[in-house]
Amino acid sequence: MFKRSTALILTLLLVMTSLSPFRTEADAASSDLGYTYADLEYMQELSEKGFPKSYILPLLELHNLHPQWVFEPLLITKLNPTYTWSHVFYQESRDPETNLVSASDSFRSYWDTKYGADFDSGWCSANDACVRYFLDPRNFLNEKDIFQFEDLAFHESITVDNVASAIEGSFMADAYLENGKTYAEYIYEVGKELNVNPLHLASRMRQEQGSGSSALISGYGGDKLWYYYENQIQEENDHIINTPSGGYSEELLLMYNGYYNFFNIEAAGTGYFQIYLGGMKEALNGTPHMAEEWGGSPSWNTLWKSIYGGAYKIKNKYIDDHQNTLYLQKFNVDPRSGRNFWGQYMQNIGAALSEARTVYGSLASKGALDMGINFLIPVYKGMPEECPDPGRNATSYAPSTFKTSYKNTDGDDVLTRKTLYTEGVIDANSGTVNVFGKSVHKYGLLGFEYSIDGGEWTALEGTYDAAYAASNRLYTAHTEVNAFDVNVDVSALEDGVHKIAVRALTRYGSAKKTTDCYSYLVTVSSFYKGEEPATPSFSYEGIEDEEFEQSEEESKSPVTESSEEASEDAESEALESGELSVPSVGSDKTDNSVTTAVACVVIAVIVAASVVLIIMKRKTLKKIREKENSNKNQ
């Protein structure tokens, strides 16, 4: 009897445990944040593609903001099981020359101090926290920074005007080349011919040449080299020159006059003498297969030849070798590339981010962000929970999500930084859907737009004040500035479930602030026509649980531990400053509360079962004693 009772209770315990209130991420999202039916379907689609949980919510935000964008995971570890997060980080951080940071004091928190202040002509080696931060794609899944994952192939939606916008304000703006074409016209032409994104070429040229004063595009690189050599210059204007004491002649160095290297290809080394010499040698060697067409010489002896030759080499050496995003040109981690971890275009650790923002700006200022753009985003096995910015968001390296300050409110709810989702669905059988809310941005707003089912964006009537910013402490949920309350006509839509999204347009076009964004998501809602739909039941488990589960060894690695410590410090600092008021949209911390709830239920059941077992055992023992006493009396 006792054994049977024990077995029954253990069975009951197992059943109760299996029925404990555990919720998948999708369940939590559906009930707590009110994601729409279409959102849950899209989250499932991303999961099935191979994106882990920590990627999906930020990508959902971007999908709602720009429905034509396409996100594809680059599953690094699936391509080669050796290429886990820990392995890739080790390979990318072991050589101090691989990742460099400006020697300016404002970047001090990114320096690896054991190599000194000046590592290479005004640059310092990046520390491990800095490398982790830039290596982790999740830090840059926002409207601006995501362009470092853009596929660099040419697409027809880009125009010459977009290219002109990318070089606006630089020495190339409205300037002509020796072939009679403007920079914008020729960069576009070259990109189309070579099947390379011309915005990538334009931003790369701007990144490499800055003000346009470099000896590499002056036509007088030889003069500069001879000046350094003749005078044995070792340092100039706080930059390392490191001129060798012998091995060169005036004739040998002056032969480099008349050549150009717009993309700074092979311009590397310790000190400007080696940098310029390497770049000039590349310009002299030029593009061999173009020699006949260029009159017998392959050399880059004009600016336009330098542009074509440099673009061809970028395509041939990098893009065609699985380095077809800015991120992959900085971190060559695709196992299919023939030069992993060393064939990398950039030493500047922030170069991909900087170029991405140039591309973004050229599209945003022309209102061209809504075209179809493909993004290829790396995913690694064993990634830590997060890799925070070691600069504490204090420099130009801070993610755009931090640097863009906005607040939304739905009705009389408290202002937050999060996009608002409605719970359930709205009945639109009357033929209209009421859309209302308020929002402010730190640079003010130009208006609001709405989109139904990912279609065309349409202006939303409301009250706007472009000068009214989020920093204005008088803004409250009851203020009618930058508010909208409109009945949208949906009578022409077919019966079924639909989604409506509202976004705010910022003053990007006029202010052009580097910390600004073109638009951000305000609210997303579901509505239905016809019969009320059943509750959706989508799974949010996905490939992460099977393919990207972090191993016990990796979870104990120094990478994870130091990242968590930095994260705690950053979060405490943010809470003290008032910057952090709600969990980030991409946070996975909801899993902890679910796990805690499950644990509490299991413990409670175990305790209850233990009590029942003790009581039953005591009753059984009591009956045995009573029977023994009865036998004795007899």
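Residues numbered from 1 in each chain as written. Predicted model: local features only at pLDDT ≥ 70, side-chain atom pairs only at ≥ 80, totals over all residues. Heavy atoms only, no water.

> Please explain the pairing of strand β11 (residues 445-452) as it appears in this structure.
Remember that side chains alternate between the two faces of the sheet whenever the strand is regular. Counting buried positions over the eight residues of β11 gives seven, a clear majority of the element. As defined by bridge partners, β11 adjoins strand β12 (residues 458-460) across three bridges and the pair is classed as antiparallel. Directly across from Phe448, in β12, lies its bridge partner Leu460. Between the end of β11 and the start of β12, which pair antiparallel, lie five residues, with Asp453 showing a positive phi angle near 55°. (Buried < 20%, exposed > 50% of the residue type's maximum accessible area, 1.4 Å probe, protein only. Helix = DSSP H or I, 4+ residues; strand = E, 2+ residues; numbered from the N terminus. Pairing = 2+ DSSP bridges.)

> Before we go on, may I ask you to explain unusual backbone geometry in this structure?
Even without being a glycine, Asn242 presents a positive backbone phi close to 55°. Among the structural elements, Asn242 can be located in the loop between β5 (239-240) and α12 (250-254). For Phe341, which is not a glycine, the phi torsion comes out positive at approximately 70°. Secondary-structure assignment places Phe341 in the loop between α15 (326-330) and α16 (351-364).

> Honestly, the environment of Leu100 in this entry has me stumped. Any pointers?
Secondary-structure assignment places Leu100 in strand β2 (residues 100-102). Judged by its relative accessible area of 3%, Leu100 is buried.

> It is not clear to me how the pairing of strand β6 (residues 374-379) should be interpreted in this structure. Could you clarify?
Most of β6 is tucked away: five of the six residues are buried. Across six bridges, strand β1 (residues 70-75) lies against β6 in parallel orientation. Looking at the pairing, Leu75 lines up with Val379 of β6.

> Is there a simple way to explain the confidence of the model for the protein in this structure?
Fine structural detail should not be taken from predicted coordinates in areas where pLDDT scores are low. In this model, the protein carries an average pLDDT of 78, and 72% of its residues clear a pLDDT of 70 or more. Every residue in residues 1-32 scores below 50 in pLDDT, and together they form 37 contacts with partners more than four places removed in sequence or on other chains. Contacts from residues 541-602, a stretch scored under 50 in pLDDT, to residues over four places away or in other chains number 82 contacts. (pLDDT = per-residue confidence, 0-100. Contact = heavy atoms within 4.5 Å.)

> It is not clear to me how the nonpolar core should be interpreted in this structure. Could you clarify?
Note on soluble globular proteins: their nonpolar side chains tend to be buried together. Of all hydrophobic cores here, the largest spans 149 residues; its most connected members are Leu59, Phe71, Ile146, Phe147, Tyr183 and Ile377. It is α16 that provides the largest number of residues to this core, a total of eight residues. (Core = buried A, V, L, I, M, F, W, Y, C linked by side-chain atoms within 4.5 Å.)

> So what exactly am I meant to see when it comes to the layout of surface pockets here?
To find the voids left in a structure, one rolls a probe of water-molecule size over its atoms. The volume enclosed by the second largest pocket comes to roughly 1400 Å³. Residue lining of the second largest pocket: 44 residues in total, with Glu208, Asn264, Ala267, Ile275 and Gln347 positioned closest to the centre. Contributions of two or more residues to the lining of the second largest pocket are made by α10 (198-209), α11 (221-231), α13 (272-285) and α14 (303-318). Residues of the lining of the second largest pocket, tallied by class, amount to 18 nonpolar, 17 polar and nine charged. (1 Å grid on protein atoms, 1.4 Å probe; cavity = no way out; pocket = protein on both sides within 12 Å on 5 of 7 lines; lining within 4 Å. Points joined across faces, edges and corners; volume = space filled by probe spheres on them. Nonpolar A, V, L, I, M, F, W, Y, C, P; charged D, E, K, R; others polar.)

> Would you mind going over the packing of helix α6 (residues 85-93) against helix α7 (residues 128-135) with me for this structure?
Packed helices, taken two at a time, are described by their axes: the angle between them and the distance between them. Relative to each other, α6 and α7 sit at 125°, their axes nearing to 10 Å. With respect to α7, the axis of α6 lies oblique. Crossing hand, α6 versus α7: right-handed. Within the contact between the two elements, α6 uses Trp85, Val88, Phe89, Glu92 and Ser93 and α7 uses Asp128, Val131, Arg132 and Leu135. Residues that form the contact of α6 with α7 fall into these classes: five nonpolar, one polar and three charged. (Axes fitted to C-alpha atoms, helices over the stretch in contact; angles between N-to-C directions. Parallel < 35°, antiparallel > 145°, perpendicular 65-115°, else oblique. Left-handed = near helix turned anticlockwise from the far one by under 90°.)

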